[in-house]
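Results of the structural survey
Now for the letters of each chain:
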Amino acid sequence: MEFRILGPIEAEIGGQRLPLARPRERCLLGVLLLEANRVVPVDRLAELLWSDQPPKRVRNTIQGCASRLRATLSGVNRAPNGADGTRVELVYAGNGYQLRLDPQSVDAFRFQELLRRAAAEPAPAERVELLRAALDLWRGPALSGVLSGPARERLAASLEEQRLTAVEELAAACLELRRGREVLPTLARFANEHPGRERLAALHMRALQQAGRRADALAVYARTRGFLVDQLGIEPGLELRNVHKVVLRDEPAGPPAAGSPAAAGLAGPPARQFIPRQLPADLPAFTGRRAELARLDQLLPAAARAAVTVVVTGTAGVGKSTLALHWAHRVANAFPDGQLYLNLRGFDPAAAPTGPAEAIRSLLDGLQVPSSQLPANLDAQVGLYRSLLTGRRMLVVLDNARDAEQVRPLLPPSPGCVALITSRNQFSGLAATAGAQLVRLDLFTPDEAEQFLTRRLGPARAATDPAAVRELVARCARLPLALAVVAARAVANPAVPLRLLADELTDPDGGLAEWTGSDPSTDLRAVLSSSYRVLDPAAARLFRLLGGHPGPEFTAAAAASLAGIEPAAARRLLTGLAEASLLAEPSLDRYSMHDLLRAFAAELADSAEPAADRRAARHRLLDHYLQAVAAAISLVEPHRTMPELPDPQPGVSREPLGSADQARAWLIAERSVLANLTAAAAGAGFDAYAVQLGLLLCMFFNARGYRHESDTVGAAALAAAERLDDRYAQAQAHRMLGIADAQRRRWQAAEQHLRLALAGLASLGRPAEQAAVHMTLGAIAERRAGDFHTTCQHADRALELARRAGDQVGIGRALNQLGWARLNLGDPRAAIRYGEQALAIQGAHGDLAGVANTLDTLGRAHHQLGDLKRAIATYREALDYYDRSDAQLSRAETLERLGDAYLEIADLAACRTAWQEAAGLLAELDEEAAGALRRRLAGLPAG
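Residues numbered from 1 in each chain as written. Predicted model: local features only at pLDDT ≥ 70, side-chain atom pairs only at ≥ 80, totals over all residues. Heavy atoms only, no water.

1. Here's the deal with the overall build of the protein chain
Here is the rule: Secondary structure elements are defined from DSSP: runs of H or I of at least 4 residues count as helices, runs of E of at least 2 residues count as strands, and each element is numbered from the N terminus. Here the term buried applies to any residue with accessible area under 20% of the maximum for its type, exposed to any over 50%, and partly exposed to those in between, with areas from a 1.4 Å probe on protein chains only. Should any heavy atoms of two residues lie within 4.5 Å, those residues are considered in contact. Exposure was quantified through the Shrake-Rupley algorithm and a 1.4 Å probe, taking into account, for residues, occlusion by the shown protein chains and nothing else.
Each helix and strand counted, the protein chain has 42 helices and 14 strands in total. Taking all 943 residues of the protein chain together, the buried fraction comes to 53%. Of all intrachain contacts in the protein chain linking residues separated by at least 6 positions in sequence, the fraction that spans at least 24 positions is 68%. Taken as a whole, the protein chain presents about 39300 Å² of accessible surface, with 51% of it coming from carbon and sulfur.

2. A few points about the confidence of the model for the protein chain
Condition: As a per-residue measure, pLDDT tells how confident the predictor is, with possible values from 0 to 100.
Chain-level statistics for the protein chain give a pLDDT mean of 82 and a share of 86% at 70 or above. Mean pLDDT values over the elements of the protein chain span from 67, in helix H22 (residues 524-533), up to 94, in helix H24 (residues 556-563). Every residue in residues 79-85 is under pLDDT 50, and counting partners more than four places away or in other chains gives seven contacts. Across residues 257-273 the pLDDT falls below 50, and counting only partners more than four positions away or on other chains, this stretch makes 68 contacts in the model.

3. Thoughts on the packing of helix H36 (residues 808-824) against helix H37 (residues 828-844)
The criterion, for reference: Only the stretch in contact is used when fitting a helix axis, every axis being a line fitted to C-alpha atoms; angles between N-to-C directions are given from 0 to 180 degrees. An angle below 35 degrees is treated as roughly parallel, one above 145 as roughly antiparallel, one from 65 to 115 as roughly perpendicular, and anything else as oblique. What makes a crossing left-handed is the near helix being turned counterclockwise from the far one by less than a right angle; a clockwise turn instead makes it right-handed. Each residue gets one of three labels, nonpolar for Ala, Val, Leu, Ile, Met, Phe, Trp, Tyr, Cys and Pro, charged for Asp, Glu, Lys and Arg, and polar for the others, Gly among them.
Closest axis-to-axis distance for the H36/H37 pair is 8 Å, and the angle between their directions is 165°. With respect to their mutual orientation, H36 and H37 come out roughly antiparallel. When the axes of H36 and H37 are compared, the crossing they make is left-handed. Facing H36, whose interface residues are Gln 808, Ile 811, Gly 812, Arg 813, Leu 815, Asn 816, Leu 818, Gly 819, Arg 822 and Leu 823, H37 presents Pro 828, Ala 830, Ala 831, Tyr 834, Gln 837, Ala 838, Ile 841 and Gln 842. Across the contact of H36 with H37, the residue classes tally to ten nonpolar, six polar and two charged.

4. Overview of the pattern of salt bridges
Short version of the rule: What makes a salt bridge here is a side-chain nitrogen of Lys or Arg within 4 Å of a carboxyl oxygen of Asp or Glu, nothing more.
Enumeration over the complete set of coordinates arrives at 37 salt bridges. Between Arg 345 and Glu 358 there is a salt bridge; the shortest N-O distance is 3.5 Å. Of the two residues, Arg 345 is situated in the loop between strand E8 (339-343) and helix H13 (356-366) and Glu 358 in helix H13; the sequence distance between them amounts to 13 residues. Like Glu 358, Arg 345 is buried. The partner of Arg 897 in a salt bridge is Asp 856, and the shortest N-O contact between them spans 2.7 Å.

5. Remarks on the sheet that holds strand E1 (residues 2-4)
Filter applied, for reference: For two strands to pair, DSSP has to find at least two bridges joining them.
Strand order in the open sheet made by the three strands is E1-E2-E3, with antiparallel pairing throughout. Of all the strands in the sheet, just E1 and strand E3 (16-17) have a single pairing partner and so form its edges. Here two bridges tie strand E2 (residues 10-13) to E3, and the two strands are oriented antiparallel to one another. What sits directly across from Glu 12, in E3, is Arg 17.

6. Considering the packing of aromatic side chains
What counts here: Each pair of aromatic rings taken from Phe, Tyr and Trp, with Trp reduced to its six-membered ring, is defined by centres within 6.5 Å and is described as stacked if the planes are under 30 degrees apart, edge-to-face if over 60, and tilted in the remaining cases. Geometrically, a lysine NZ or arginine CZ counts as sitting over a ring once it is within 6 Å of the ring centre and also within 35 degrees of the ring normal.
In total, this model carries seven aromatic pairs according to the counting rule given. A centroid spacing of 6.2 Å and a plane angle of 55° characterise the contact between Phe 543 and Phe 600, whose relative ring orientation is tilted. Of the two residues, Phe 543 sits in helix H23 (residues 537-546) while Phe 600 sits in helix H26 (residues 595-608), which places them 57 residues apart along the sequence. Residue Phe 600 is classed as buried on the basis of its relative accessible area of 1%. Judged by centre distance (6.0 Å) and plane angle (75°), the rings of Phe 686 and Tyr 689 are edge-to-face. Comparing Phe 686 with Tyr 689, the two get one shared label, buried. The side chain of Arg 615 reaches across the aromatic face of Phe 686, ending 4.2 Å from its centre. Of note, Arg 766 hangs over the ring of Tyr 728, and the distance from its end group to the ring centre comes to 4.1 Å.

7. Here's the deal with helix H33 (residues 747-764)
Inclusion rule: The span you would expect from a helix comes to 1.5 Å times its residue count less one.
The terminal C-alpha atoms of H33, which comprises 18 residues, lie 26 Å apart, in line with the 26 Å expected from a rise of 1.5 Å per residue. Looking only at H33, the buried set comprises Trp 747, Ala 750, His 753, Leu 754, Ala 757, Leu 758, Gly 760 and Leu 761. Following H33 by one or two positions, Gly 765 adopts a phi angle in the positive range, close to 70°.

8. Points about the side chain of Asp 856
Secondary-structure assignment places Asp 856 in helix H38 (residues 848-864). You can call Asp 856 buried: its relative accessible area is 5%. Setting aside residues up to four positions removed in sequence, Asp 856 forms contacts with Trp 820, Tyr 875, Ala 878, Tyr 882, Thr 894 and Arg 897.

9. A word on unusual backbone geometry
With an omega of 10°, the peptide bond between Gly 551 and Pro 552 qualifies as cis. Phi is positive for Arg 178, which is not a glycine, with a value near 65°. Mapping Arg 178 onto the fold places it in the loop between helix H6 (149-176) and helix H7 (184-193). The backbone of Asn 400 sits at a positive phi, close to 60°, despite the residue not being glycine. Structurally, the position occupied by Asn 400 is in strand E9 (residues 395-401).

10. Quick look at the state of the cysteines
Worth spelling out the cut-off: Here, two cysteine sulfur atoms that lie within 2.5 Å of each other are counted as a disulfide.
Under the counting rule described, the total for this entry stands at zero disulfides. Free of any disulfide, Cys 27 has its nearest cysteine sulfur in Cys 65, 8.9 Å distant.

11. Let's talk about the sheet that holds strand E5 (residues 89-93)
Taking strand neighbours across the sheet as the criterion, the three strands line up as E4-E6-E5 in an open arrangement whose pairing is antiparallel. At either end of the open sheet lies a strand with only one pairing partner, and these are strand E4 (39-41) and E5. Pairwise comparison of adjacent strand axes, ignoring direction, gives a mean angle of 25° for this sheet. As paired elements, E5 and strand E6 (residues 96-100) share five bridges and run antiparallel to each other. Along E6, the bridge assignment pairs Glu 89 with Arg 100.

The structure is reproduced here in structure tokens:
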């Protein structure tokens, strides 16, 4: 008996192919085989078996499919010679269907078993054979030929990822055997299909180099880098750059970098095609904690029945985050729908804990929810987050939580999900109310601590003085953070005897008991002081000053500005601090400090740095971020008028932002830093910086839906502007806060802020900004009550003010708003007049988003007038511009209107195509609108 889903779906018994003629039955079989021996709810089957609108009596239809499939499979239960064969049962259980069979009869399960065996096989030759056998099971794309494109991609995403991993592991094993030439055809094929997959490109380059084709290897790098820069706006990662250097110099390559573990569980169908992989890097030399890891492993089976919440608790520096991340990486393949990670900063000495609004927004970001589709209030956002996780198998790591209330809204709701929380607090309330499992992490045992030091020092050096190793363990009180710092210092000074290091661990100023919990014997300050004292003066100064950075992360350029040194020098010092375990580098050119280390650094700065020097460092840091924010905003929003900035202080470095994509990525990555910094500037006598940062950032945060951050910077800017008595800044801050309130549908508060902004701008004679406020008020009238008369009045006033200011982009947008309002008031000819004027201005000034919106208005106006041919041409032109401006929701709305026009000329095929594309976009953006459009599709006549 054999079932095959790694390609077209097939079933065989005794070499005889079973008849699976009906596509819906093949599709049902494929889904049930993927979930073999698990119950698949009827609702999930309906979602997967019908890409658009399911039939009205969907349960009856699925029941009929299941009955026919059961009859077909009944032949499997009797072998051709009449003897009883291996049984296959299709049963109705609970609220769904379950296919009971031996998993080894399914090629996907055999494929994964071969991957598991390969992952555990140390010999590269045997690993090659196992991986070749696994890949030979594939006959084409998984589940091909029965499911629709999106449904197949959702179901098969994890299998296809495992296939790619197997190709990479096969290439790595062949390279280890100096047989890279054997896998060149396979690597070339998959690298061509996945041009942005860096590890695949790196292995391809190494195989080409091994085959003596150096020029071809360099061409692969150039092609991959071109794709990453052009399509993603990023440079290649460290591994690919290092391979490029090796090939460029024609040096012998070292062993291939380790890839993802080949062993993985069978993928379930995620609710969205995107699969987040947010886990920070694992510690390469993890030590001990076998009992705790076993306890965590024991909780996994329960996740199949209900969502599981686990809290790892323990004192500061005991290794909670390290354990959580190590286990998360170890079991990541049990969560094929993705892994989310969020640092809640519950005990950060320089910033407030992450609030619920900021936390839920970050998690929705990780799920790639567009800002335009964020609900207005926090409760609705929490509901959206839970809906997106329902039915998925996901791991959510919530690091450094302060209390149960901080994490309660973030807990996943459904079976298949695990929330892994770390905290210094016990969370007994969460255990009582939500059934959370508590895993207490204590200090290393003496054996674990010695093993940890021995691995870090190297067995040979540890063996030179075992008594000193035991003394170091005792002086560090078996605290992992302290041991890591001591080990790093020992490795950096190989000539220093271990006995001398142990004798130096004294600190006359006392311990850090207030930082490390209830254990007063943990004298962390002594450990940190001993490592700090041996830093060279430049590194010690940078370490002290970093205590004043708001965190949670920073770049080398930011550190250089803080210290007033060159970025190259800062990078060298940061590398040294990382080697001393005084900071971490979680990703390329992004650094972070443990909150205990930051508190220690800030304490040192208060005592060792003169107040004037600390203030100068903060001034440089503010200049750095203000210059970077202005540069980034000008790239992301090229039509925005930028304010005049003060000249930066000497020693300020610039962030390398070369494109709009890089600028956008930097603003998103730094948003917590920027919000914390703006609030801190307002409270530290830098009100002018708080105003400028707040006004620059608030609009970007609003547009992206970062509501917590927009509230933070907007409030800080308004308070600072009031202290400075800067009426223009006050008006702009009111405008930003009004837009933020409007996005949350807080209409009364929004109008109050906007009216104050209008009054202030009018008194200052700022007509261009007044015009923008009027357009916002017009949009509120439309959204709040469908009051297009009021929208028209505001658009008229905005047009008058924009003309007075000579603001051409503002004129074009006001004309389009006026045309849109007149169109909705029943005057399409007026809409065309205004739209054509707007189009001429917007085209001349390169306002692509404005052109797309105006073309949509014109298309709808022609449509109302009955000129369907012209309407269709105009809608299609609008779609071209939406492609260039990346406005997917507006594109979906235009596609639906295009389908309406095709329907009126009875071109049902074109109508169906437009609506299907629109429904596909809306499925990711607005499920309610997508459902309504699917119902329209279902009502189209056949043929």
